[in-house]
Amino acid sequence: MEVVRSRTELRAALARAPRPVGLVPTMGWLHAGHVSLVERARSESGTVVMSIFVNPRQFTDPSDFERYPRNEARDLETARRSGVDFVFAPPVDEVYVPGFVTTVHVAAVGDPLEGAARPGHFDGVATVVAILFALVGAERAYFGLKDYQQVMVIRRMALDLALPTEVVPCPTVREADGLAMSSRNARLSPEARRAAPVLRSALLVARECWAAGEVSADVLRDEMHRTLAAEPRAAVDYVSVADAETLRELETVDRPALLSLAVRFDDVRLIDNELLDAGTGGSRAV
């Protein structure tokens, strides 16, 4: 595995790399979810590139950026063991060159949910991913569906800007107790970690209600709220039952729908989701 730090080094490395190229963008603090993305990329690619870059432009709270967990040595060892060929781990000024003034804004699908709760967040995501797509020129890029809205934003961005990289959504990887794997989980206190699986419980309660025939989105939202309210450590930012394509809130679940939520445990904010397909009675990928 080779570690490159600059745009010039990255382009030189990729000029001699076997095609196709698979890209796994990350902000580091790697876990089994990231490894699953690498494994998928490895199975479909001649070369696997992982980026490790804590992107300051997608943090709406500077203190959240400062507290984001980092351990490059640990991440590089995980990347090496999982089969990555090149790690792009640049300083900020190699991603955002001096005088950088460009922002990529994805309207509509980027506006509700996380876009409303964290204004500017998806501008930072879309901008950095557009840069990575341009630098790497990968045939495919791999993203976890825990961040469902992020996948939708990036897919829209790539389509609108005619970027040739295919956005490949991959299943959420979970801990044994159902908590979605996230780098932020490392910041949970022991008490908060014990409480955090309530996110998955709330989603599954609503899913079971829907599977039993309930189509009122308000009823499903109420079920999620009721489950979360039973956990004193859970402070709800939002619960949502939205159209799976537009991410606009629904009144009736008569089409593919996304159950999603954002919940704080002390100063750690976690998200999760569950996709419902009203046509088949099962979940599906975007």
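Residues numbered from 1 in each chain as written. Predicted model: local features only at pLDDT ≥ 70, side-chain atom pairs only at ≥ 80, totals over all residues. Heavy atoms only, no water.

## Describing the environment of Ala108
Here is step 1: Counting through the fold element by element, Ala108 comes out in the loop between helix H5 (92-95) and helix H6 (114-117).
Here is step 2: When the C-alpha atoms of Ala108 and Val263 are compared, they prove to be 23 Å apart, with 155 residues separating the residues in sequence. (Helix = DSSP H or I, 4+ residues; strand = E, 2+ residues; numbered from the N terminus.)

## Here's the deal with the sheet that holds strand S6 (residues 166-170)
Here is step 1: With parallel pairing, 6 strands are arranged side by side in an open sheet as S1-S4-S3-S2-S5-S6. Unpaired on one side and paired on the other, strand S1 (2-4) and S6 mark the two borders of the sheet. When the angles between neighbouring strand axes are averaged without regard to direction, this sheet yields 25°.
Here is step 2: Of the strand pairs in this sheet, strand S5 (residues 140-144) and S6 are connected by 5 bridges, and their pairing is parallel. The residue bridging Tyr142 from the neighbouring strand is Val168, located in S6. (Pairing = 2+ DSSP bridges. Axes fitted to C-alpha atoms, helices over the stretch in contact; angles between N-to-C directions.)

## Section: the packing of helix H1 (residues 7-15) against helix H7 (residues 121-136)
Here is step 1: Closest axis-to-axis distance for the H1/H7 pair is 9 Å, and the angle between their directions is 45°. On the basis of their axis angle, the class for H1 and H7 is oblique. The segment H1 lies against H7, with Arg7, Leu10, Arg11 and Leu14 engaging Ile131, Leu135 and Val136.
Here is step 2: When the residues that make up the contact of H1 with H7 are grouped by side-chain class, the tally is 5 nonpolar, no polar and 2 charged. (Parallel < 35°, antiparallel > 145°, perpendicular 65-115°, else oblique. Contact = heavy atoms within 4.5 Å. Nonpolar A, V, L, I, M, F, W, Y, C, P; charged D, E, K, R; others polar.)

## Let's talk about the pairing of strand S8 (residues 257-265)
Here is step 1: The element S8 is largely enclosed, with a buried count of 8 among its 9 residues.
Here is step 2: Two elements, strand S7 (residues 234-243) and S8, share 9 bridges in a ladder whose sense is antiparallel. From the neighbouring strand, Val239 faces S8, where its bridge partner is Leu261.
Here is step 3: Where S8 lies against strand S9 (residues 268-276), 9 bridges are found, and the strand directions are antiparallel. Looking at S9, one finds that Arg264 is bridged to Arg269.
Here is step 4: Where S8 hands over to S9, the hairpin turn is made up of 2 residues, of which Asp266 adopts a positive phi near 60°. (Buried < 20%, exposed > 50% of the residue type's maximum accessible area, 1.4 Å probe, protein only.)

## Thoughts on the packing of aromatic side chains
Here is step 1: For the coordinates displayed, the defined rule picks out 5 aromatic pairs.
Here is step 2: Seen from their ring centres, Phe59 and Phe65 are 5.3 Å apart, and the 70° between their planes marks the pair as edge-to-face. Taken individually, Phe59 and Phe65 each receive the classification buried, so the pair is uniform in this respect.
Here is step 3: Seen in terms of ring centroids, Phe133 and Phe143 are 6.5 Å apart; in terms of plane orientation they differ by 55°. Their pairing is tilted. Taken together, the residues Phe133 in helix H7 and Phe143 in strand S5 connect sequence positions 10 residues apart. (Phe/Tyr/Trp six-rings, centres within 6.5 Å; stacked < 30°, edge-to-face > 60°.)

## Things to note about H1
Here is step 1: Within H1, the full set of buried residues consists of Leu10, Ala13 and Leu14. Here the buried residues of H1 occupy an arc of 95° about the axis, which is enough to place them on one side. Turned more than 90 degrees away from the buried face of H1 sit Thr8 and Ala15, all of them exposed.
Here is step 2: Where H1 is buried, its residues meet S1, strand S3 (47-52), strand S4 (86-88) and H7. (Arc of directions from axis to C-beta.)

## A closer look at the pattern of salt bridges
Here is step 1: Under the definition given, this model contains 30 salt bridges.
Here is step 2: For Glu223, the salt bridge is made with Arg226, and the minimal N-O distance between the two is 3.0 Å. Residue Glu223 and its partner Arg226 are both found in helix H11 (residues 217-229); the two are separated by 3 residues, about one turn of the helix.
Here is step 3: With a relative accessible area of 22%, Glu223 lands in the partly exposed category.
Here is step 4: One network of salt bridges, in which partners are shared, links Asp64, Arg67, Arg184, Arg187 and Asp267. (Salt bridge = Lys/Arg side-chain N within 4 Å of Asp/Glu carboxyl O.)

## Re the sheet that holds S7
Here is step 1: With respect to topology, 3 strands assemble into an open sheet ordered S7-S8-S9, the strand pairing being antiparallel. Each edge of the sheet is formed by a strand with only one pairing partner; in this case those strands are S7 and S9. On average, each strand axis in the sheet is tilted by 15° relative to the strand beside it, whichever way the strands run.
Here is step 2: Its contacts with the sheet put helix H10 (residues 198-211) on S7, S8 and S9, and the angle it makes with S9 is roughly 20°.

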